[in-house]
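If you want the building blocks of each chain, they are given just below.
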Amino acid sequence: MRVAVVGAGVVGLSTTAALLQGGVDVVCYERTGVPMAQRSAGSSRIFRLAHPTPDLVRLARAARAGFGRWEQAAETSMIVPSGCVISGDRAQGWAAAMAAAVAPHEIVDAPSGELRLPALTPPSGALLDPSGGVIDVDAVRAYLIEVTRAAVAGVQVYAIEDTPAGASVWSPAGEARFDAVVLAAGVGTSPLAAQVGIYTPPALAHHVRFTFPIDPSVAWQSWIDKPTAGLATYQHQSGPGRWAVGGEIDPELTAWEVGRDVSASASYNAVLTYAREHLAVEPRIVDSLYCVTTPGLGDGFQVRRNGSILAVYGENLFKLAPLLGDVLAAACTQGSTPAVPDVAMNH
């Protein structure tokens with residue numbers, strides 16, 4: 001069997017790795033020539049079992065086992081087990097989902113001492129996910145690049161076609177024929193999928209995460225905060241002496257037509273003001289990470305098929321990458337469409 005994977009982000013490389021492990025002949029196309037340089041860029045991501053639905057909690061647990069297999073193969077740690085705190089209006093609902101999935105968790109009050117956060121005023125009634133932490137993206141990237149090196153082609157796919165015998169992929173190298181194609185191209189997925197009658201959300205938005213200096217000796221938990229009023233944020237330690245903060249600002253300021261510079265400036269001002277008023281960090285931005293997102297998806301993923309072509313899309317997928325790789329590889333070899341469970345899109 002011969003499979004094309006379009007996109008060498010973490011999901012595309014995970015799928016390529018799983019296919020190679022199964023003995024499949026696979027080509028992974030990456031238009032930039034640099035794997036994991038777009039939506040999978042940066043050095044860190046939050047890992048968590050905590051999610052809004054029991055099905056997503058179970059998927060995250062399966063993904064954590066997948067990271068464990070990668071860690072064994074690479075002989076290196078890929079997740080820093082710092083724990084993760086969920087506070088604000090998501091905490092109770094997410095705690096119920098974790099209880100239904102029989103995942104370890106606890107609702108704690110700020111004075112309990114179990115919350116290790118940079119908050120000047122600690123949240124009350126927060127959800128503690130002890131299995132959460134921080135993904136070492138550099139370690140994941142090094143492992144996936146090594147195991148997929150022979151399969152990655154640094155060329156852009158500009159057309160695909162479903163055929164009676166499989167699928168054709170066109171690139172500057174010409175036409176190549178495959179038994180199946182997986183579209184995992186991030187922002188490039190929608191226009192390619194549309195060529196073969198698969199709908200994926202085409203809307204795009206700008207997002208920027210900012211890094212602040214902190215005391216290198218601190219060991220804070222990852223933190224997702226959605227207060228009733230004020231800036232909703234996600235935060236985590238992105239390395240020694242570094243604290244990363246992303247904020248959910250007014251969608252009108254992050255809309256694609258606003259432009260990257262205007263959106264980044266608005267995000268910069270909102271997150272810096274928040275840090276000055278609410279966090280025990282040095283209120284000085286020392287780094288930023290820009291990415292393109294699909295607004296309105298939240299946690300979850302979708303897989304759509306037309307003939308021999310599969311398209312996968314979603315947000316916050318890095319934490320599910322080992323699982324998604326296995327699921328998409330199996331769908332290719334079996335000619336099936338993965339049954340997507342209750343995944344709470346738009347949360």
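Analysis parameters
The numbers attached to residues start from 1 for each chain and follow its sequence in the written order. The model is predicted, so local features are restricted to residues of pLDDT at least 70 and side-chain atom pairs to those at 80 or more, both for listing and for counting; the totals for chains, interfaces and linings are taken over all residues. For the side-chain quantities, the full set of heavy atoms in the structure was used; hydrogens and water were omitted. Helix and strand labels come from DSSP, where a helix needs a run of H or I of at least four residues and a strand needs a run of E of at least two; each type is numbered from the N terminus. For the radius of gyration, the atom set is restricted to C-alpha positions; the globular benchmark scales as 2.2 Å times the number of residues to the power 0.38. We call two residues contacting when some pair of their heavy atoms lies within 4.5 Å. Each accessible area value is a Shrake-Rupley result obtained with a 1.4 Å probe; residue values ignore everything except the protein chains displayed when judging cover. Working convention for charge: Lys and Arg count positive, Asp and Glu count negative, and His plus the chain ends are omitted. The location of each charge is read from NZ of Lys, CZ of Arg, CG of Asp or CD of Glu. For every residue, the accessible area obtained with a 1.4 Å probe (protein chains only) is divided by the maximum for its type, and the residue is called buried under 20%, exposed over 50%, and partly exposed between those limits. Strands were regarded as paired on the criterion that DSSP finds at least two bridges between them. Only C-alpha atoms enter the line fits that serve as axes; for helices the fit covers just the stretch in contact. Angles between N-to-C directions range over 0 to 180 degrees. pLDDT runs from 0 to 100 and stands for how confident the predictor is about each residue.

1. Considering the overall build of the chain
Piece 1. When helices and strands are tallied, the chain shows eight helices and 20 strands.
Piece 2. Relative to a compact globule of 347 residues, whose C-alpha radius of gyration would be 20 Å, the chain shows 20 Å and is just as compact.
Piece 3. Taking the principal axes of its C-alpha atoms as reference, the chain extends roughly 65 × 45 × 35 Å.
Piece 4. Long-range contacts, defined here as pairs at least 24 residues apart, represent 71% of the contacts in the chain between residues at least 6 apart.
Piece 5. Carbon and sulfur atoms provide 52% of the accessible area of the chain, an area that totals close to 14,500 Å².
Piece 6. Both charge centroids of the chain, one from 23 positive and one from 31 negative side chains, sit 3 Å from each other.

2. Quick look at unusual backbone geometry
Piece 1. In this structure, Val 102 is a non-glycine residue whose phi angle is positive, near 55°.
Piece 2. Within the secondary structure, Val 102 is located in the loop between helix H3 (91-100) and strand E6 (106-108).
Piece 3. We classify Val 102 as exposed; its relative accessible area is 69%.
Piece 4. Although it is not a glycine, Asn 316 adopts a positive phi angle of roughly 55°.

3. Focus: the environment of Pro 251
Piece 1. Structurally, Pro 251 can be placed in helix H6 (residues 251-254).
Piece 2. For Pro 251, a relative accessible area of 61% puts it in the exposed group.
Piece 3. When the C-alpha atoms of Pro 251 and Thr 333 are compared, they prove to be 40 Å apart, with 82 residues separating the residues in sequence.

4. Points about the sheet that holds strand E8 (residues 133-136)
Piece 1. Strand order in the open sheet formed by three strands is E3-E8-E4, with antiparallel pairing between adjacent strands. Looking at strand neighbours, the two that pair on one side only are strand E3 (44-47) and strand E4 (79-80), the edges of this open sheet.
Piece 2. Both E4 and E8 contribute to a ladder of two bridges, which runs antiparallel. Across the sheet, Ile 79 pairs through a bridge with Ile 135, a residue of E8.
Piece 3. With respect to the sheet, helix H4 (residues 137-148) is in contact with E3 and E8, its orientation differing from that of E8 by roughly 35°.

5. A look at the confidence of the model for the chain
Detailed reading of predicted coordinates is not advised where the pLDDT is low.
Piece 1. In the predicted model, the chain carries a mean pLDDT of 95, and 98% of its residues have values of at least 70.
Piece 2. Overall, residues 342-347 carries pLDDT values under 50, and its contacts beyond four positions in sequence, including any with other chains, amount to 28 contacts.

6. What about the pairing of strand E20 (residues 309-315)?
Piece 1. For E20, the buried fraction is high: seven of the seven residues fall into the buried class.
Piece 2. Burial of E20 is two-sided: the residues Ile 309, Ala 311, Tyr 313 and Glu 315 facing one way and the residues Leu 310, Val 312 and Gly 314 facing the other way are all buried.
Piece 3. Here strand E19 (residues 300-306) pairs with E20 via seven bridges, running antiparallel. Considered in E20, the bridge of Arg 304 is made with Ala 311.
Piece 4. Hairpin connection between E19 and E20: a loop of two residues separates the two successive antiparallel strands, and Gly 307 in this loop has a positive phi of roughly 65°.

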